[in-house]
Amino acid sequence: MSILLCQSVLVLPTLENYLPALVDRLESFHTKGLPEGQDLVFTFPFGRAIVRPDPERFVMRAEAADAERLRRIKEILAVAVQLYARADKPDITWAGDLADDTTLSNFRLMHVDYAQQITPHMRRVRLVGADLKRFGEFGGLHIRMFFPTVAVREPVWPIAGANGLPFWPDEARKPPARVYTIRQLDAGAGTMDVDFVVHGPSGGEDAPDQCIGSNWALSAQQGDAVGILGPLGRPIANAKTYIMGCDETGLPALSRILERLPTDAVGTATIEVAERSDEQVLVAPKGIAVNWIHRNGVAAGDHAALAETLCATPWPSGGECYGWFAAEAEAAKRVRDHWRGTLQLGRDETLAAGYWKRGSAATMAA
Ligand SMILES: Cc1cc2nc3c(=O)[nH]c(=O)nc-3n(C[C@H](O)[C@H](O)[C@H](O)COP(=O)(O)OP(=O)(O)OC[C@H]3O[C@@H](n4cnc5c(N)ncnc54)[C@H](O)[C@@H]3O)c2cc1C
């Protein structure tokens, strides 16, 4: 089998300040950076990323069996470097296979098929589009969605920049983004469902940059266009026991995770929703105890019971347990501090993510 190879060489004078963070990010995709000569080699199910951590000549290489996988490895490397090496202003250009590739393979222009209310606070939008196979690959469950708005009625859509990452030809017409989860994907049929929590404050004329995702879902009509980039996010590690929790923003992701767990998986899933009528029927292994918490009038983000339940759940001794949590940022911090700080668990054993932040728009959308 022939392997596609490409590389980018950078000068990163302050590399030592952020090398551990960069390595940590690459390792968060459930891999380990193994030394090979002067290099660190990260092996993913879909290829290899190799970095030579030399500030004068930082070499990053991508290796994969086909173009789509090579683009994914390039993306993982370029995003990590852009994120941590900002102070060094790296100018990433690639040489080797697909060097002149201008395909932005992680972008699709989708259209609304229909929207329906599935519970009082959750609206499902079915999107249709072409060539969706990659959105079921690479272990990521999420997408960045770009919404046409009153302010940006006719958006431009991204193309690939020289670094392989999205480039917007006209920043003024770049539509605002929010992060959502692919609740269900049928690549064969060309459909994708996204479940939107519909929440206030309502945005509108006084705050046009607020609640763009929620408002878009509420008014979505057949044929409406929306751009998506992805898939985003890290894969869920394999374990025997799972300790999981989320509020309604994490429910689409948790539902997908539960559907895919091995039938002999055991553990708990604690889910906070506004009220009983917001519960959903979940498909989960018999050994996973599903426990619903209702806020019953308490504002989202104000209810402490979810984080308290997760922190009070005993962590089994003997390993092979995975902790997953997604909710408001403060609750996620509490659970992360408990798992990583108090229990001293590793990054490969837990993932506690803030999916939204009280009083702040567009969490993780940039
Ligand atoms: C990886 C990931 C996956 C996600 N998946 C989903 C998903 O599948 N479905 C989903 O609905 N959300 C999901 N979210 C959360 C979603 O991105 C945020 O809730 C986002 O802020 C919603 O955008 P908005 O335009 O409606 O509100 P924004 O404009 O971002 O926020 C406006 C105001 O509303 C508040 N707010 C935002 N979200 C909520 C909420 N849920 N409840 C109450 N107040 C809120 C904010 O604090 C702010 O004050 C995900 C987030 C991440 C990071």
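Please read these numbers as outputs of a predicted model, since none were measured by experiment.

1. Describing the sheet that holds strand β16 (residues 241-246)
- Ordered by their spatial adjacency, five strands build an open sheet running β18-β17-β16-β19-β20, and the pairing between neighbours is parallel. Since the sheet does not close on itself, it has two edges, and those belong to β18 (288-294) and β20 (350-356), each with one partner. Within the sheet, the average angular offset between the axes of one strand and its neighbour, ignoring direction, is 10 degrees.
- Strand direction decides the pairing type here: strand β19 (residues 321-328) and β20, joined by six bridges, are parallel. Looking across to β20, one finds that W324 is bridged to L351.

2. With respect to the site of the ligand
- If you check the shell around the ligand, you find 28 residues, and the closest are R178, V179, C211, K357 and A362.
- The separation between an oxygen atom of the ligand and a polar main-chain atom of V179 is 2.7 Å.
- Contact distances for the ligand include 3.4 Å between an oxygen atom and a backbone N or O atom of S360.
- Here the ligand, which alone exposes 910 Å², has 95% of that area covered by the protein.
- For the shell around the ligand, the secondary structure elements donating two or more residues are β12 (177-181), β14 (191-197), α3 (212-219) and β20.
- Taken together, the residues of the shell around the ligand break down into 13 nonpolar, ten polar and five charged.
- No fewer than three residues from each of domain 2 (107-232) and domain 3 (241-356) sit in the shell around the ligand.

3. Quick notes on the packing of helix α5 (residues 305-312) against helix α6 (residues 329-342)
- One can describe the packing of α5 onto α6 by two numbers: an axis separation of 9 Å at closest approach and a directional angle of 10 degrees. When the interaxial angle is binned, α5 and α6 end up roughly parallel. Where α5 abuts α6, its residues A307, E308, L310 and C311 lie against A331, R334, V335, H338 and W339.
- Partitioned by chemical class, the residues of the contact of α5 with α6 number six nonpolar, one polar and two charged.

4. Some thoughts on the domain arrangement of the chain
- Entries for the chain in the domain assignment read domain 1 (4-96), domain 2 (107-232) and domain 3 (241-356).
- In this structure, domain 1 and domain 3 have C-alpha centres spaced 32 Å apart.

5. Re the packing of aromatic side chains
- Here the structure, examined in full by the defined rule, presents eleven aromatic pairs.
- Each ring, one from F146 and one from W168, has its centre 4.9 Å from the other, and the planes form 50 degrees; the classification is tilted. Pair noted here: F146 is in strand β9 (residues 142-146) and W168 is in the loop between β11 (166-167) and β12, with a separation of 22 residues, a long-range link.
- The interplanar angle of 45 degrees and the centroid separation of 4.4 Å between the aromatic rings of Y180 and F196 together place this pair among those described as tilted. A residue pair is termed long-range when its members are at least 10 positions apart, and Y180 in strand β12 and F196 in strand β14 qualify at 16 residues.
- Among the aromatic side chains, those forming a connected cluster through ring pairs are F29, F44, F46 and F138.
- One Lys or Arg, R234, reaches over the ring of F29 and ends 5.6 Å from the middle of that ring.

6. Some remarks on helix α2 (residues 67-84)
- The terminal C-alpha atoms of α2, which comprises 18 residues, lie 26 Å apart, in line with the 26 Å expected from a rise of 1.5 Å per residue.
- Within α2, the full set of buried residues consists of L70, R71, R72, I73, K74, E75, I76, L77, A78, A80 and V81.
- Where the residues of α2 are buried, they touch β1 (4-10), α1 (15-27), β3 (39-44), β4 (47-52), β5 (58-64) and β15 (225-232).
- With a side-chain oxygen lying 3.2 Å from the backbone nitrogen of E68, the N-terminal cap of α2 falls on D66.

7. Observations regarding the pairing of β15
- With respect to burial, β15 is a largely interior element, seven of its eight residues being buried.
- Summarising the sheet, strand β7 (residues 107-119) and β15 pair through five bridges and their orientation is antiparallel. The partner of M110 across the bridge, within β15, is V226.
- Here four bridges tie β9 to β15, and the two strands are oriented antiparallel to one another. Residue pairing in the sheet places H142 in a bridge with L232 of β15.

8. Structural notes on the sheet that holds strand β2 (residues 34-36)
- Read across the sheet, six strands follow the order β2-β3-β4-β5-β1-β6 without closing on themselves; strand pairing throughout is antiparallel. Both edges of this open sheet fall to β2 and β6 (95-96), since each of them pairs with a single strand only.

9. Things to note about the nonpolar core
- Of all hydrophobic cores here, the largest spans 31 residues; its most connected members are F42, F44, F58, M60, L77 and V81.
- Per element, the largest residue contribution to this core is seven residues, and it comes from α2.

10. Focus on the environment of W168
- A residue is classified by how much of its surface remains accessible, and W168, at 8% relative accessible area, is buried.
- If sequence neighbours within four positions are ignored, W168 has contacts with F146, V156, W157, P158, K174 and P175.

11. Description of unusual backbone geometry
- With omega at 0 degrees, the peptide bond leading from G230 into P231 counts as cis.
- Residue position: P231 is located in strand β15.
- The backbone of F138 shows a phi angle near 70 degrees, a positive value even though the residue is not glycine.
- Among the secondary structure elements, F138 is positioned in the loop between β8 (122-128) and β9.
- Of the residues examined, F138 reaches a relative accessible area of 10% and is grouped as buried.
- Even without being a glycine, Q344 presents a positive backbone phi close to 55 degrees.

Here is what the cut-offs are and how they apply
- Residues numbered from 1 in each chain as written.
- Predicted model: local features only at pLDDT ≥ 70, side-chain atom pairs only at ≥ 80, totals over all residues.
- Heavy atoms only, no water.
- Pairing = 2+ DSSP bridges.
- Helix = DSSP H or I, 4+ residues; strand = E, 2+ residues; numbered from the N terminus.
- Axes fitted to C-alpha atoms, helices over the stretch in contact; angles between N-to-C directions.
- Near = heavy atom within 4 Å.
- Polar contact = N/O pair within 3.5 Å; in protein donor to acceptor, adjacent residues only side chain to side chain.
- Areas by Shrake-Rupley, 256 points an atom, 1.4 Å probe, with all protein chains shown as cover.
- Nonpolar A, V, L, I, M, F, W, Y, C, P; charged D, E, K, R; others polar.
- Domains from an automatic or database assignment.
- Parallel < 35°, antiparallel > 145°, perpendicular 65-115°, else oblique.
- Contact = heavy atoms within 4.5 Å.
- Phe/Tyr/Trp six-rings, centres within 6.5 Å; stacked < 30°, edge-to-face > 60°.
- Lys NZ or Arg CZ within 6 Å of the ring centre and 35° of its normal.
- Expected span 1.5 Å × (residues − 1).
- Buried < 20%, exposed > 50% of the residue type's maximum accessible area, 1.4 Å probe, protein only.
- Core = buried A, V, L, I, M, F, W, Y, C linked by side-chain atoms within 4.5 Å.

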